[in-house]
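One-letter residues, chain by chain:
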Amino acid sequence: MAQSPDSSLPKIQLLTMFRLGLYQMGLGMMSLLTLGVLNRILIDELKVLPLLAAGAIAMHQFVSPARIWFGQLSDSRPFLGQHRTGYVWCGALLFTTISFVALQVIWQLGLALQDQGWGPVSYGWTALLALMFGLYGLALSASSTPFAALLVDISDDDNRSQLVGVVWSMLMVGIVVGAIISSGLLNQPDLCGSAILKMPEGTAAATDISQLQASINPAFIAVPALVLGLCLLATVGVESKYSRFKTRSATAQREEQLSLSDAFAVLTASRQTGIFFSFLLVLTISIFMQDAVLEPFGGEVFGLCISETTRLNIPFGLGTLFGIGGSGFLILPRVGKKNGTKLGCFGAIACFVAIILSGLTQNLPLLNAGLFGFGLSSGLITAGATSLMLDLTAAETAGTFIGAWGLAQALSRGLATVLGGGVLNLGKALFDAPVLAYSSVFLLQGLGMILAVYCLGRVNIQEFQESAKAAIATVLSNEIEG
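Fair warning: this is a prediction, and the values are worked out from it, not measured in the lab.

(A) Spotlight on unusual backbone geometry. If you check the backbone angles, lysine 47 has positive phi at about 60° while not being a glycine. Along the chain, the position of lysine 47 falls in the loop between helix H1 (14-45) and helix H2 (50-62). Within the chain, glutamine 362 stands out as a residue other than glycine whose phi angle is a positive 55°. Within the secondary structure, glutamine 362 is located in the loop between helix H16 (337-361) and helix H17 (364-391).

Printed below as a string of structure tokens:
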């Protein structure tokens, strides 16, 4: 078996890369449930204000500062005998369970709104929903941050781009598979249009929540159970066979002594850390603002049913899948990581224009084409930015750096969700036509892409690596002297 250039451990093979990708596939399926199905139900069926719905869901991103702590914890404290895998499993068990509990809170919020409107009870259920998504985010951080650090541990410079391409491609496979499964589970005649309404005598029509519960609860049992199984299958045995963590880390014999403050000293040693953090923040907001509005856009502007708006994720997911896969093996090795990422940003801008035009002209094929093209562009952006992220990571504190980059991405996804809902709220107040309110979200995304390209132009990998190496040497010398 081929050996790694920096250790006697075996080199990770393509089949194992795809097996690891099953974990990301599961995360893709979960993101479809939380940002797709739940968001559509809250805004369109239960008539929750878009800003409040987006704000509650975004709480799972706003707890993301915990990612740095979970990353440093996995660097310094083995759990269940290993640095990464135990955290991955425990977090996955928690976030799959919490997703079902959050759905039950949503039903109670809907009932409170129908009975009493907005008041202390409904605001209380909204606060509880935000808390549930905060707990969901903590569990997700505890699992996904050590998993990303595991990718650094088991890969080498010559195969890391391929590993990233395969694993993040599987994230999009998860979104596509999740869309197909969820659409099948939700494709029922009583879950569309007037069939979903109850019309008590003398009152306005309202969504029949008990009918929704009976149809949607099974999906939130079956899909999370499948995701948990994929997580276990993806990671069992990988760390013990392939991890180079101990052979790479100069602190391997003194794991307990490398404190969180030491890790932060390395993290903040280079100004490039702040530049790249800013780039990730702007880029991720610009990519994901439509997460809060895509399914409601399909429902309100195009008149699509719940199962049909779920299927809007298929062209986007397939485009991203092809974009990531093609980028890692074909585009990035030829044009470079930075140029490839810039190319993806400009492609995304063109696709936002197409999506806006599709709404203005009620052209569903153009919407699907725009979503597919946006997926291709997002795939190229993801592959390029993620490869840059791994280059801007010091091996000795991989978990902490991955936590920092995860923090930037999670905070910006949370901000993107809230900003998307807020801009939609503002747009509905300013415009009578819903399509103009939704178009304002897509327009703002395009402007954000231009700012992201500017930030990317200031990123310098060599400067970062030199600063991080000097900071690590300083921390270690202080430990010896202390």
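So, next bit.
(B) Local environment of the confidence of the model for the chain. The share of residues in the chain with pLDDT of 70 or more is 79%, and the mean pLDDT across the chain is 79. The lowest-confidence element of the chain is strand S1 (residues 197-198), averaging 54 in pLDDT; the highest-confidence one is H16, averaging 92. Overall, residues 199-204 carries pLDDT values under 50, and its contacts beyond four positions in sequence, including any with other chains, amount to two contacts. Across residues 251-258, confidence stays below pLDDT 50; counting only partners more than four residues off in sequence or on other chains, it has 21 contacts.

(C) The pattern of salt bridges, seen in detail. Counting across every chain of the model gives one salt bridge. With a shortest N-O distance of 3.1 Å, glutamate 300 and lysine 428 are connected by a salt bridge. One end of the pair, glutamate 300, is in helix H13 (residues 294-302); the other, lysine 428, is in helix H18 (residues 398-430), and 128 residues separate them in sequence. In this structure glutamate 300 comes out as partly exposed when scored by relative accessible area, which is 35%.

(D) How the structure looks around the packing of aromatic side chains. By the definition in use, this model includes 12 aromatic pairs. An angle of 35° between the planes, with centres 5.0 Å apart, marks the rings of tryptophan 118 and tyrosine 123 as tilted. The class of tryptophan 118 is partly exposed, set by a relative accessible area of 31%. For tyrosine 123, a relative accessible area of 46% gives the class partly exposed. Residues phenylalanine 316 and phenylalanine 374 carry aromatic rings whose centres are separated by 5.4 Å and whose planes lie at 35° to one another, so their mutual orientation is tilted. Note that phenylalanine 316 is positioned in helix H15 (residues 313-335) and phenylalanine 374 in helix H17, a separation of 58 residues in sequence. Each member of the pair phenylalanine 316 and phenylalanine 374 is classed as buried. Pairwise contacts between aromatic rings join Phe297, Phe302, Tyr438 and Phe442 into one cluster.

(E) Broad picture of the nonpolar core. Core analysis: the biggest nonpolar cluster contains 67 residues, and Leu20, Leu42, Phe95 and Leu129 have the highest contact counts within it. Those elements that place two or more of their residues in this core are H1, H2, helix H4 (85-116), helix H5 (120-154), helix H6 (160-186), helix H7 (209-216), helix H8 (219-235) and helix H9 (238-242). Ranked by size, the runner-up nonpolar core spans 47 residues in total, among them Ile285, Ile287, Leu312 and Ala348.

(F) Just the environment of alanine 383, in detail. Tracing the backbone through its elements, the reader meets alanine 383 in helix H17. Residue alanine 383 is classed as buried on the basis of its relative accessible area of 3%.

(G) Structural detail: a nonpolar patch on the surface. Together, Leu14, Phe18, Phe329, Leu330, Ile331, Val335 and Leu343 make up an exposed nonpolar region whose accessible area comes to about 610 Å². Considering each element in turn, the nonpolar patch owes the most residues, four residues, to H15. Examined against the element boundaries, leucine 14 turns out to sit in helix H1. A relative accessible area of 46% places leucine 14 in the partly exposed class.

(H) How the structure looks around the packing of helix H12 (residues 271-288) against helix H19 (residues 434-456). For the pair H12 and H19, interaxial distance at closest approach is 8 Å and the crossing angle is 160°. By the angle between their axes, H12 is roughly antiparallel relative to H19. The chirality of how H12 crosses H19 is left-handed. Across from Ile275, Phe279, Val282, Leu283, Ser286, Ile287 and Phe288 in H12, the residues of H19 making contact are Gln445, Gly448, Met449, Leu451, Ala452, Cys455 and Leu456. Split by residue class, the contact of H12 with H19 holds 11 nonpolar, three polar and no charged.

What counts as what
- All residue numbers refer to position in the chain's written sequence, counted from 1.
- At least 70 in pLDDT is required for a residue's local features to be given in this predicted model, at least 80 for side-chain atom pairs to be given and counted, and no such filter applies to totals for whole chains, interfaces and linings, which use all residues.
- Side-chain calculation: all heavy atoms of the structure are included, whereas hydrogens and water are not.
- Elements are defined by DSSP. Helices are runs of H or I of four residues or more, strands are runs of E of two residues or more, and each kind is numbered from the N terminus.
- Every residue is assigned a pLDDT by the predictor, reflecting its confidence on a scale from 0 to 100.
- Between two residues, a contact is recorded if the distance between any of their heavy atoms is within 4.5 Å.
- Salt bridges are defined as contacts in which a side-chain nitrogen from Lys or Arg sits within 4 Å of a carboxyl oxygen from Asp or Glu.
- Only protein chains enter the accessibility calculation, which uses a 1.4 Å probe; a residue is then buried when its area is under 20% of its type maximum, exposed when over 50%, and partly exposed in between.
- Pairing of aromatic rings covers Phe, Tyr and Trp, the last through its six-membered ring, and needs centres within 6.5 Å; plane angles under 30 degrees mean stacked, over 60 mean edge-to-face, and all others mean tilted.
- Among buried residues, those of type Ala, Val, Leu, Ile, Met, Phe, Trp, Tyr and Cys that are joined through side-chain atoms within 4.5 Å constitute a nonpolar core.
- Residues with no salt bridge and a relative accessible area higher than 30% make up the patches, which join like charges within 9 Å and nonpolar side chains (Val, Leu, Ile, Met, Phe, Trp, Tyr) within 5 Å.
- For the area figures, the Shrake-Rupley method with a 1.4 Å probe applies, and any residue is considered shielded solely by the protein chains shown.
- An axis is simply a line fitted to the C-alpha atoms; with a helix, the fit covers only the stretch in contact. Between two such axes, the angle follows the N-to-C directions and lies from 0 to 180 degrees.
- Angles below 35 degrees are treated as roughly parallel, those above 145 as roughly antiparallel, those between 65 and 115 as roughly perpendicular, and all remaining angles as oblique.
- Take the far helix as the reference: if the near one is turned anticlockwise from it by less than a right angle, the crossing is left-handed, and if turned clockwise, right-handed.
- Classification convention: Asp, Glu, Lys, Arg as charged; Ala, Val, Leu, Ile, Met, Phe, Trp, Tyr, Cys, Pro as nonpolar; all other residues, Gly among them, as polar.

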